[in-house]
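One-letter residues, chain by chain:
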Amino acid sequence: TSFLIAHKNIYCSMQKIKLKKHFVPKLKPLNIVFIVLISIIITVLILLKYLSNQITPIMFEYSKTEAKKITSIVINEAVAKYITEKVDPDELFNITKDDNGEIKSVDFNAAIVNKYLTDATTSIQQELRNIEKGNIDKLEYKDYIFEDYDKDNLKEGIIYRFSLGSLWDSNILYTFGPKIPVKINILGNVTSKIDTSIKNYGINNALIEVYVELNVTEKLILPFFNKDVKINTKIPVAMKLVTGTVPSYYVDGENAPSVTIPSN
């Protein structure tokens, strides 16, 4: 009897161990939904991170091109309206000659350009602010801007929308995917200055060129990133050819002959 009782106890213990080993807890439907949602969210975050690392450089270059394009339109039109059309090149240069009519010095009158440069700079800054805020009715150069940019996008402060599929450089995927908006914010003020250059032109002549250099700092705003971009533009305003006295003898500095020859 004792042997049978002991054998029965051992058998029951083994059955309990077996049941515990093969026991699988049952998950409630709510827990299953929670685990699935967490898995989806983690997968989406990983995918977005991967896409962001892959396409961010392409998106930045694409957006920078559009930002430079619309900014260049505004700058060129402002310079043409406020400077080029108003400045007389002959008034920019003060040429001093001696009694024999030979040029002693050439002075640049920067005050004339500065007078109009202030108006042009203010116009550029205000125009870009209106584009940023979507005030298309207040745009000064709307006729030129609307030739390349959609009015409805500009009303929302968006300079351009491009499809996500266009980033893969494929004709099939060009229109695939959501439209990504590109916005700009103006950081700080538009800075401007006058620059000149002098080049040799022919024999004893000089070509003086006057430029207006403008610098704009903008922030490109996209869903995946924000990045600053600096736009530098140099626009010629006036040119002046200063003619000096032609010497009686001319020697080419690079290939100088052993005997000089009179120019006449």
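Residues numbered from 1 in each chain as written. Predicted model: local features only at pLDDT ≥ 70, side-chain atom pairs only at ≥ 80, totals over all residues. Heavy atoms only, no water.

*Asks:* What should I look at first to understand the overall build of the protein in this one?
*Replies:* When helices and strands are tallied, the protein shows six helices and nine strands. Scored against the burial criterion, the 264 residues of the protein give a buried share of 30%. Pairs at least 24 apart in sequence give 59% of the contacts found in the protein among residues at least 6 apart. Element-wise, carbon and sulfur atoms account for 56% of the exposed surface of the protein, whose accessible area totals about 17,900 Å². (Helix = DSSP H or I, 4+ residues; strand = E, 2+ residues; numbered from the N terminus. Buried < 20%, exposed > 50% of the residue type's maximum accessible area, 1.4 Å probe, protein only. Contact = heavy atoms within 4.5 Å. Areas by Shrake-Rupley, 256 points an atom, 1.4 Å probe, with all protein chains shown as cover.)

*Asks:* Can you help me understand the packing of aromatic side chains in this one?
*Replies:* Any pair of aromatic rings gets described here by the distance separating the centres and the angle formed by the planes. Per the stated rule, a full pass over the model turns up one aromatic pair. With a centroid separation of 6.2 Å and an interplanar angle of 35°, the aromatic rings of Y62 and Y160 are classed as tilted. In this pair, Y62 is assigned in helix α2 (residues 29-84) and Y160 in strand β3 (residues 158-163), connecting sequence segments 98 residues apart. Taking the ring centre of F60 as reference, the NZ or CZ of K227 above it sits at 4.4 Å. Its end group placed over the ring of Y211, K234 keeps NZ or CZ at 5.4 Å from the ring centre. (Phe/Tyr/Trp six-rings, centres within 6.5 Å; stacked < 30°, edge-to-face > 60°. Lys NZ or Arg CZ within 6 Å of the ring centre and 35° of its normal.)

*Asks:* Help me understand the environment of E209 in this model?
*Replies:* One can find E209 in strand β6 (residues 205-221). Considering only alpha carbons, one finds E209 and V237, 28 residues apart in sequence, at a separation of 7.7 Å. Sequence-distant contacts of E209, that is, excluding residues within four places in its chain, are made with D195, T196, S197, K199, A238 and M239.

*Asks:* Just checking my understanding: could you explain the pairing of strand β5 (residues 191-200) for this structure?
*Replies:* Looking along a regular strand, one sees the side chains alternate between the two faces of the sheet. Relative to β6, β5 runs antiparallel, the two being bridged by 10 bridges. Its bridge partner lying in β6, S197 is registered against E209. Connecting β5 to the antiparallel partner β6 that follows it, the hairpin turn spans four residues, and G202 within it adopts a positive phi of roughly 75°. (Pairing = 2+ DSSP bridges.)

*Asks:* What exactly am I supposed to notice about the environment of K64 here?
*Replies:* One can find K64 in helix α2. Here the alpha-carbon distance between K64 and K230, two residues 166 residues apart in the chain, equals 9.3 Å. With near-sequence residues (within four places) excluded, K64 lies in contact with L220 and V229.

*Asks:* Would you take a moment to explain helix α4 (residues 110-133) for this structure?
*Replies:* In an α-helix there are 3.6 residues to a turn, and that puts residues three or four apart on one side. Here α4 spans 34 Å end to end across 24 residues, near enough to the 34 Å set by a 1.5 Å rise per residue. Maximal helix bending in α4 amounts to about 25°, located at Y116. Just past α4, the residue G134 takes up positive phi, approximately 80°. (Expected span 1.5 Å × (residues − 1). Bend = angle between axes of the 7 residues up to and from the residue.)

*Asks:* Teacher, can you tell me more about the side chain of N130 here?
*Replies:* By secondary structure assignment, the location of N130 is in helix α4. With relative accessibility at 5%, the residue N130 sits in the buried group. With near-sequence residues (within four places) excluded, N130 lies in contact with N135, K138 and L139.

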